[in-house]
Amino acid sequence: QVQLVESGGGLVQAGGSLSLSCAASGRTFTNSIMGWFRQAPGKGPEFVAGIRWSDGITYYADSVKGRFTISRDYAKNTVFLQMNSLNAEDTAVYYCAAAFGLLRATHPSEYNYWGQGTQVTVSS
């Protein structure tokens, strides 16, 4: 059974940084895309960043490009999201998700598995 477990959320001041981790287990992730989404109160899920497990190709939402970096540790089956220059608009619950059999995925419906989420709060 696939499990995605996020960690690393918390409270940070505007302009600060946080790093999120997502530990993946339960199957081979070689043909997967790992994505980070976020959901703010009263809003739908928003794609943040994605990485193709096999070759490390990454892509980002315009709102985080240049500030966030997604990466993976192939050996540890872990995906990271480094978030810099955080602002109040980044406050949300952040979710790790896995999609299989695709080359690129930015819509929540394309993802098969989801973590439980971790809260990120940026104080202004």
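This one's a predicted model, so the numbers in the text were calculated from it and none came from an experiment.

1. Side note on the pattern of salt bridges
Working step 1: Considering all chains together, one arrives at five salt bridges under this definition.
Working step 2: Close ionic contact of Glu 46 with Arg 38 constitutes a salt bridge, the shortest N to O distance being 2.8 Å.
Working step 3: One continuous salt-bridge network, built from bridges that share partners, spans Arg 38, Glu 46, Arg 67 and Asp 90.

2. As for the state of the cysteines
Working step 1: On inspection of all chains with the given rule, the structure shows one disulfide.
Working step 2: Paired through a disulfide, Cys 22 and Cys 96 show a sulfur-sulfur distance of 2.1 Å. Residues Cys 22 and Cys 96 share a disulfide whose torsion about the S-S bond is about -75°; that sign makes it left-handed. Taken as a pair, Cys 22 in strand S3 (residues 18-25) and Cys 96 in strand S9 (residues 92-100) lie far apart in primary sequence, 74 residues in all.
Working step 3: Given a relative accessible area of 0%, Cys 22 falls into the buried group.

Reading the values: rules and limits
- Residues numbered from 1 in each chain as written.
- Predicted model: local features only at pLDDT ≥ 70, side-chain atom pairs only at ≥ 80, totals over all residues.
- Heavy atoms only, no water.
- Salt bridge = Lys/Arg side-chain N within 4 Å of Asp/Glu carboxyl O.
- Disulfide = S-S within 2.5 Å.
- Helix = DSSP H or I, 4+ residues; strand = E, 2+ residues; numbered from the N terminus.
- Buried < 20%, exposed > 50% of the residue type's maximum accessible area, 1.4 Å probe, protein only.

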